[in-house]
Amino acid sequence: MTYQLTIDVLEKLNSTEIKLIEKILKAEGLNLNVSKGEPDIEIISDKLNQAKARGGYAGVNLLIDSIRKQIVSVISEIANPNLEWHVNFLNGLKKRMQHRNESVWIFTTNYDLLFEFAASIVKIPIFNGFEGIAQRFFDIERLELTYGKIKPNRTFEQLNEPHINLIKLHGSTSWFKESNNIIESFSPEKTENRCMILPKRTKVIETLESPYDKLFRYASSVIGKQCKFIVSCGYSYRDKHINDILFSSKLRDNSIRVFALSKDETPEIIQLKDNPSFHYMVSNKLHYNGKDTDGIFDLWDFKKFIELFN
(Lines give C-alpha, C1' and ligand atoms only; values in the text may rest on other atoms or scores of the structure.)
Protein backbone atom coordinates (compact mmCIF):
# COMPACT_ATOMS: atom_id res chain seq x y z
CA MET A 1 0.00 0.00 0.00
CA THR A 2 2.78 2.42 0.94
CA TYR A 3 4.46 2.08 -2.46
CA GLN A 4 1.22 2.68 -4.39
CA LEU A 5 0.41 5.67 -2.18
CA THR A 6 3.92 6.98 -2.89
CA ILE A 7 3.41 6.68 -6.66
CA ASP A 8 -0.02 8.33 -6.53
CA VAL A 9 1.24 11.25 -4.44
CA LEU A 10 4.39 11.83 -6.49
CA GLU A 11 2.34 11.89 -9.70
CA LYS A 12 0.28 14.76 -8.27
CA LEU A 13 3.33 16.95 -7.53
CA ASN A 14 4.60 19.48 -10.08
CA SER A 15 8.00 19.30 -11.74
CA THR A 16 9.53 21.91 -9.41
CA GLU A 17 8.49 19.90 -6.35
CA ILE A 18 9.82 16.65 -7.85
CA LYS A 19 13.17 18.30 -8.62
CA LEU A 20 13.48 19.52 -5.01
CA ILE A 21 12.78 16.00 -3.70
CA GLU A 22 15.41 14.58 -6.07
CA LYS A 23 17.94 17.19 -4.90
CA ILE A 24 17.35 16.46 -1.20
CA LEU A 25 17.42 12.67 -1.65
CA LYS A 26 20.58 12.84 -3.79
CA ALA A 27 22.35 14.67 -0.96
CA GLU A 28 21.49 11.64 1.20
CA GLY A 29 22.77 9.16 -1.40
CA LEU A 30 19.26 8.17 -2.55
CA ASN A 31 17.65 8.27 -5.99
CA LEU A 32 13.96 8.94 -6.62
CA ASN A 33 12.06 6.48 -8.80
CA VAL A 34 8.53 7.81 -9.30
CA SER A 35 7.20 4.84 -11.29
CA LYS A 36 8.29 2.34 -8.61
CA GLY A 37 7.46 4.56 -5.63
CA GLU A 38 11.00 4.34 -4.28
CA PRO A 39 11.98 5.35 -1.73
CA ASP A 40 8.55 5.20 -0.15
CA ILE A 41 6.64 8.22 1.12
CA GLU A 42 7.70 7.58 4.73
CA ILE A 43 11.39 7.82 3.89
CA ILE A 44 10.82 10.83 1.61
CA SER A 45 8.88 12.62 4.38
CA ASP A 46 11.64 11.92 6.90
CA LYS A 47 14.35 13.23 4.57
CA LEU A 48 12.35 16.38 3.83
CA ASN A 49 11.80 17.04 7.54
CA GLN A 50 15.51 16.52 8.22
CA ALA A 51 16.34 18.95 5.39
CA LYS A 52 13.88 21.45 6.86
CA ALA A 53 15.59 21.20 10.27
CA ARG A 54 19.05 21.68 8.76
CA GLY A 55 17.97 24.59 6.55
CA GLY A 56 19.42 25.56 3.19
CA TYR A 57 16.60 24.33 0.92
CA ALA A 58 14.22 27.06 -0.29
CA GLY A 59 10.66 25.86 -0.67
CA VAL A 60 10.96 22.74 1.50
CA ASN A 61 8.25 23.93 3.92
CA LEU A 62 5.78 24.44 1.05
CA LEU A 63 6.78 21.05 -0.37
CA ILE A 64 6.04 19.27 2.95
CA ASP A 65 2.63 20.98 3.12
CA SER A 66 1.92 20.05 -0.50
CA ILE A 67 2.75 16.38 0.10
CA ARG A 68 0.45 16.29 3.14
CA LYS A 69 -2.42 17.72 1.08
CA GLN A 70 -1.81 15.28 -1.76
CA ILE A 71 -1.77 12.28 0.61
CA VAL A 72 -5.18 13.29 1.98
CA SER A 73 -6.40 13.95 -1.57
CA VAL A 74 -5.32 10.50 -2.84
CA ILE A 75 -7.04 8.71 0.04
CA SER A 76 -10.20 10.84 -0.15
CA GLU A 77 -10.59 10.37 -3.91
CA ILE A 78 -11.44 6.67 -3.50
CA ALA A 79 -15.19 7.21 -3.85
CA ASN A 80 -16.20 3.61 -4.58
CA PRO A 81 -13.79 1.33 -2.73
CA ASN A 82 -13.77 -2.42 -3.37
CA LEU A 83 -15.31 -3.94 -0.24
CA GLU A 84 -15.33 -7.56 -1.44
CA TRP A 85 -12.50 -8.85 0.73
CA HIS A 86 -13.48 -6.94 3.86
CA VAL A 87 -17.07 -8.19 3.50
CA ASN A 88 -15.82 -11.75 3.00
CA PHE A 89 -13.61 -11.44 6.08
CA LEU A 90 -16.42 -10.18 8.32
CA ASN A 91 -18.87 -12.77 6.98
CA GLY A 92 -16.32 -15.49 7.74
CA LEU A 93 -15.76 -14.06 11.20
CA LYS A 94 -19.47 -13.95 11.93
CA LYS A 95 -19.90 -17.55 10.75
CA ARG A 96 -17.00 -18.81 12.89
CA MET A 97 -18.23 -17.06 16.03
CA GLN A 98 -21.74 -18.49 15.65
CA HIS A 99 -23.71 -15.81 17.53
CA ARG A 100 -21.34 -15.82 20.51
CA ASN A 101 -21.34 -12.54 22.40
CA GLU A 102 -17.62 -11.84 22.07
CA SER A 103 -15.53 -8.94 20.87
CA VAL A 104 -12.88 -9.10 18.16
CA TRP A 105 -10.23 -6.38 18.26
CA ILE A 106 -8.93 -4.89 15.03
CA PHE A 107 -5.94 -2.55 15.25
CA THR A 108 -5.05 -0.69 12.07
CA THR A 109 -2.80 2.13 10.90
CA ASN A 110 -4.94 2.60 7.77
CA TYR A 111 -7.12 5.69 7.45
CA ASP A 112 -9.76 4.27 5.13
CA LEU A 113 -13.35 3.33 6.06
CA LEU A 114 -13.38 -0.17 4.55
CA PHE A 115 -14.06 -2.00 7.81
CA GLU A 116 -16.80 0.49 8.75
CA PHE A 117 -18.56 0.15 5.36
CA ALA A 118 -18.15 -3.63 5.23
CA ALA A 119 -19.55 -4.02 8.78
CA SER A 120 -22.72 -2.17 7.76
CA ILE A 121 -23.19 -4.60 4.84
CA VAL A 122 -22.54 -7.72 6.94
CA LYS A 123 -24.63 -6.30 9.80
CA ILE A 124 -22.04 -6.83 12.48
CA PRO A 125 -21.80 -4.12 15.20
CA ILE A 126 -18.57 -2.12 15.08
CA PHE A 127 -17.35 0.37 17.70
CA ASN A 128 -14.46 2.82 17.32
CA GLY A 129 -14.63 5.10 20.38
CA PHE A 130 -17.02 7.65 18.86
CA GLU A 131 -20.62 8.20 19.87
CA GLY A 132 -23.36 10.19 18.15
CA ILE A 133 -25.15 10.29 14.80
CA ALA A 134 -24.73 13.29 12.47
CA GLN A 135 -21.52 14.42 14.15
CA ARG A 136 -19.90 11.97 16.56
CA PHE A 137 -17.76 12.85 19.60
CA PHE A 138 -14.69 10.92 20.73
CA ASP A 139 -14.62 9.07 24.04
CA ILE A 140 -12.40 5.98 23.96
CA GLU A 141 -14.00 4.57 27.12
CA ARG A 142 -17.24 4.08 25.15
CA LEU A 143 -15.58 0.88 23.93
CA GLU A 144 -16.17 -0.57 27.40
CA LEU A 145 -19.95 -0.20 27.26
CA THR A 146 -22.08 -3.30 27.05
CA TYR A 147 -25.00 -3.32 24.64
CA GLY A 148 -28.26 -5.17 25.08
CA LYS A 149 -31.87 -4.71 26.08
CA ILE A 150 -33.97 -4.44 29.24
CA LYS A 151 -36.41 -7.36 29.42
CA PRO A 152 -40.00 -6.97 30.74
CA ASN A 153 -38.86 -8.31 34.11
CA ARG A 154 -36.36 -5.38 34.29
CA THR A 155 -33.30 -7.61 33.85
CA PHE A 156 -30.55 -6.76 31.38
CA GLU A 157 -29.83 -9.09 28.46
CA GLN A 158 -26.69 -8.59 26.38
CA LEU A 159 -26.96 -8.77 22.60
CA ASN A 160 -26.09 -12.32 21.67
CA GLU A 161 -23.88 -11.56 18.69
CA PRO A 162 -20.19 -10.92 18.00
CA HIS A 163 -18.98 -7.35 17.60
CA ILE A 164 -15.82 -5.56 16.55
CA ASN A 165 -13.78 -2.99 18.44
CA LEU A 166 -11.85 -1.01 15.83
CA ILE A 167 -8.75 0.92 16.96
CA LYS A 168 -7.41 3.25 14.25
CA LEU A 169 -4.01 4.13 15.71
CA HIS A 170 -3.10 6.81 13.16
CA GLY A 171 -6.54 8.42 12.77
CA SER A 172 -9.04 8.27 9.93
CA THR A 173 -10.27 10.20 6.91
CA SER A 174 -13.53 10.67 8.83
CA TRP A 175 -11.91 12.23 11.94
CA PHE A 176 -11.45 15.99 12.35
CA LYS A 177 -9.92 18.32 14.92
CA GLU A 178 -12.07 21.25 16.05
CA SER A 179 -10.31 23.32 18.73
CA ASN A 180 -9.70 20.81 21.52
CA ASN A 181 -12.33 18.39 20.30
CA ILE A 182 -12.06 15.34 18.06
CA ILE A 183 -15.16 14.57 16.03
CA GLU A 184 -16.15 12.04 13.41
CA SER A 185 -18.12 13.37 10.46
CA PHE A 186 -19.16 11.86 7.14
CA SER A 187 -20.26 15.15 5.59
CA PRO A 188 -18.72 15.45 2.09
CA GLU A 189 -18.43 19.21 2.57
CA LYS A 190 -16.14 18.78 5.56
CA THR A 191 -12.52 18.57 4.39
CA GLU A 192 -10.33 20.73 6.65
CA ASN A 193 -8.28 19.68 9.69
CA ARG A 194 -8.46 15.93 9.18
CA CYS A 195 -7.11 13.99 12.14
CA MET A 196 -4.49 11.68 10.62
CA ILE A 197 -0.82 10.89 11.28
CA LEU A 198 0.55 10.95 7.76
CA PRO A 199 3.28 8.56 6.60
CA LYS A 200 6.77 9.20 7.91
CA ARG A 201 9.12 7.07 9.96
CA THR A 202 9.26 9.53 12.89
CA LYS A 203 5.57 9.33 13.84
CA VAL A 204 6.20 8.93 17.56
CA ILE A 205 6.05 12.67 18.33
CA GLU A 206 2.51 12.95 16.95
CA THR A 207 1.36 9.89 18.90
CA LEU A 208 1.95 11.89 22.09
CA GLU A 209 -0.91 14.23 21.13
CA SER A 210 -4.67 13.75 21.50
CA PRO A 211 -6.41 11.55 20.42
CA TYR A 212 -3.48 9.26 19.51
CA ASP A 213 -2.09 9.21 23.06
CA LYS A 214 -5.42 7.86 24.35
CA LEU A 215 -5.67 5.35 21.52
CA PHE A 216 -2.19 3.96 22.19
CA ARG A 217 -2.69 3.82 25.96
CA TYR A 218 -6.00 2.06 25.51
CA ALA A 219 -4.63 -0.38 22.93
CA SER A 220 -1.67 -1.16 25.19
CA SER A 221 -4.02 -1.87 28.12
CA VAL A 222 -6.12 -4.24 25.99
CA ILE A 223 -3.29 -6.17 24.31
CA GLY A 224 -2.04 -8.89 26.61
CA LYS A 225 -5.26 -8.91 28.68
CA GLN A 226 -8.44 -8.96 26.60
CA CYS A 227 -6.49 -9.62 23.43
CA LYS A 228 -3.87 -12.37 23.76
CA PHE A 229 -3.67 -13.74 20.20
CA ILE A 230 -2.82 -11.36 17.36
CA VAL A 231 -2.59 -11.95 13.61
CA SER A 232 -1.11 -9.05 11.67
CA CYS A 233 -1.56 -8.86 7.90
CA GLY A 234 0.49 -6.50 5.75
CA TYR A 235 2.13 -4.72 8.68
CA SER A 236 5.92 -4.62 8.19
CA TYR A 237 6.73 -3.73 11.83
CA ARG A 238 8.71 -0.71 10.60
CA ASP A 239 6.82 1.55 13.04
CA LYS A 240 9.13 1.35 16.06
CA HIS A 241 6.72 3.29 18.29
CA ILE A 242 3.99 0.68 17.69
CA ASN A 243 6.38 -2.21 18.38
CA ASP A 244 7.68 -0.56 21.58
CA ILE A 245 4.30 0.43 23.01
CA LEU A 246 2.12 -2.50 21.94
CA PHE A 247 4.29 -5.57 21.37
CA SER A 248 7.87 -5.73 22.67
CA SER A 249 7.35 -5.98 26.44
CA LYS A 250 4.31 -8.26 26.04
CA LEU A 251 6.25 -10.61 23.78
CA ARG A 252 9.08 -10.74 26.31
CA ASP A 253 6.74 -11.76 29.15
CA ASN A 254 4.75 -14.13 26.88
CA SER A 255 1.42 -12.40 27.57
CA ILE A 256 0.63 -12.42 23.82
CA ARG A 257 1.24 -14.69 20.84
CA VAL A 258 1.73 -12.93 17.50
CA PHE A 259 1.64 -14.39 13.99
CA ALA A 260 2.85 -11.79 11.50
CA LEU A 261 2.08 -11.97 7.77
CA SER A 262 4.39 -9.58 5.92
CA LYS A 263 5.74 -9.45 2.37
CA ASP A 264 9.28 -8.64 3.50
CA GLU A 265 11.44 -9.80 6.38
CA THR A 266 12.26 -6.32 7.63
CA PRO A 267 15.05 -5.57 10.15
CA GLU A 268 12.34 -4.82 12.70
CA ILE A 269 10.78 -8.28 12.24
CA ILE A 270 14.21 -9.87 12.68
CA GLN A 271 14.63 -7.91 15.94
CA LEU A 272 11.45 -9.53 17.30
CA LYS A 273 12.47 -12.99 16.10
CA ASP A 274 14.13 -14.02 19.37
CA ASN A 275 10.82 -13.86 21.24
CA PRO A 276 9.44 -17.44 21.34
CA SER A 277 5.83 -16.21 21.03
CA PHE A 278 6.54 -14.22 17.84
CA HIS A 279 6.01 -16.19 14.63
CA TYR A 280 5.95 -14.87 11.08
CA MET A 281 5.51 -15.74 7.42
CA VAL A 282 7.11 -13.59 4.71
CA SER A 283 7.16 -14.14 0.95
CA ASN A 284 10.04 -16.65 1.14
CA LYS A 285 10.13 -17.93 4.71
CA LEU A 286 8.05 -19.32 7.57
CA HIS A 287 9.39 -18.74 11.08
CA TYR A 288 7.40 -20.81 13.56
CA ASN A 289 8.34 -21.98 17.05
CA GLY A 290 11.90 -20.80 16.52
CA LYS A 291 12.46 -22.72 13.26
CA ASP A 292 12.83 -21.33 9.74
CA THR A 293 11.33 -23.06 6.70
CA ASP A 294 12.02 -21.75 3.20
CA GLY A 295 9.18 -21.58 0.68
CA ILE A 296 6.95 -19.29 -1.38
CA PHE A 297 4.10 -17.74 0.61
CA ASP A 298 1.53 -15.06 -0.24
CA LEU A 299 -0.65 -14.76 2.87
CA TRP A 300 0.72 -11.23 3.46
CA ASP A 301 -1.72 -10.30 0.67
CA PHE A 302 -5.07 -9.58 2.42
CA LYS A 303 -6.99 -11.25 -0.43
CA LYS A 304 -5.01 -14.49 -0.08
CA PHE A 305 -5.42 -14.42 3.69
CA ILE A 306 -9.21 -14.09 3.35
CA GLU A 307 -9.32 -16.97 0.86
CA LEU A 308 -7.61 -19.17 3.44
CA PHE A 309 -9.69 -17.78 6.32
CA ASN A 310 -12.94 -18.70 4.59
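Residues numbered from 1 in each chain as written. Predicted model: local features only at pLDDT ≥ 70, side-chain atom pairs only at ≥ 80, totals over all residues. Heavy atoms only, no water.

### A word on the pairing of strand β7 (residues 163-168)
Alright, step 1. Taking burial as the measure, the six residues of β7 include six buried ones, the bulk of the element.
Alright, step 2. The two faces of β7 match: His163, Asn165 and Ile167 on one face and Ile164, Leu166 and Lys168 on the other face are all buried.
Alright, step 3. Judged from the six bridges that link them, strand β1 (residues 103-108) and β7 form a sheet pairing that is parallel. In the sheet register, Val104 faces β7, and the bridge partner there is Ile164.
Alright, step 4. Inspection of the sheet shows strand β2 (residues 126-127) paired to β7 by two bridges, in the parallel sense. Each bridged residue has a counterpart across the sheet, and for Phe127 the counterpart in β7 is Asn165. (Buried < 20%, exposed > 50% of the residue type's maximum accessible area, 1.4 Å probe, protein only. Helix = DSSP H or I, 4+ residues; strand = E, 2+ residues; numbered from the N terminus. Pairing = 2+ DSSP bridges.)

### Some thoughts on the pattern of salt bridges
Alright, step 1. Considering all chains together, one arrives at 16 salt bridges under this definition.
Alright, step 2. Among the ionic pairs, Glu184 bridges to Arg136, the shortest N-O distance being 2.8 Å. Of this pair, Glu184 sits in strand β9 (residues 181-185) while Arg136 sits in strand β4 (residues 135-138); the two residues are 48 residues apart in sequence, bridging distant segments of the chain. Residue Glu184 shares its accessibility class with Arg136, and that shared class is buried.
Alright, step 3. For Lys190, the salt bridge is made with Glu178, and the minimal N-O distance between the two is 2.7 Å. In this pair, Lys190 sits in the loop between β9 and β10 (194-196) while Glu178 sits in strand β8 (residues 171-178), placing the two residues twelve residues apart along the sequence. (Salt bridge = Lys/Arg side-chain N within 4 Å of Asp/Glu carboxyl O.)

### A word on the packing of helix α1 (residues 2-12) against helix α4 (residues 60-76)
Alright, step 1. Here α1 crosses α4 at 120°, and the two axes come no closer than 9 Å. On the basis of the axis angle, α1 is oblique to α4. Of the two elements, α1 crosses α4, and the hand of that crossing is right-handed. Across from Leu5, Asp8, Val9 and Lys12 in α1, the residues of α4 making contact are Ile67, Gln70, Ile71, Ser73, Val74 and Ile75.
Alright, step 2. Taken together, the residues of the contact of α1 with α4 sort by class into six nonpolar, two polar and two charged. (Axes fitted to C-alpha atoms, helices over the stretch in contact; angles between N-to-C directions. Parallel < 35°, antiparallel > 145°, perpendicular 65-115°, else oblique. Left-handed = near helix turned anticlockwise from the far one by under 90°. Contact = heavy atoms within 4.5 Å. Nonpolar A, V, L, I, M, F, W, Y, C, P; charged D, E, K, R; others polar.)

### Structural notes on unusual backbone geometry
Alright, step 1. Omega for the peptide link from Glu38 to Pro39 comes to -10°, which places this bond in the cis form.
Alright, step 2. Here the phi dihedral of Lys123 falls at roughly 65°; this positive angle occurs in a residue that is not glycine.
Alright, step 3. The residue Lys123 is located in the loop between α6 (114-122) and β2 in this model.
Alright, step 4. Backbone geometry at Ser179 places phi at a positive 55°, although glycine is not the residue there.
Alright, step 5. Here Ser179 shows up in the loop between β8 and β9.
Alright, step 6. The exposed category is assigned to Ser179, whose relative accessible area is 76%.

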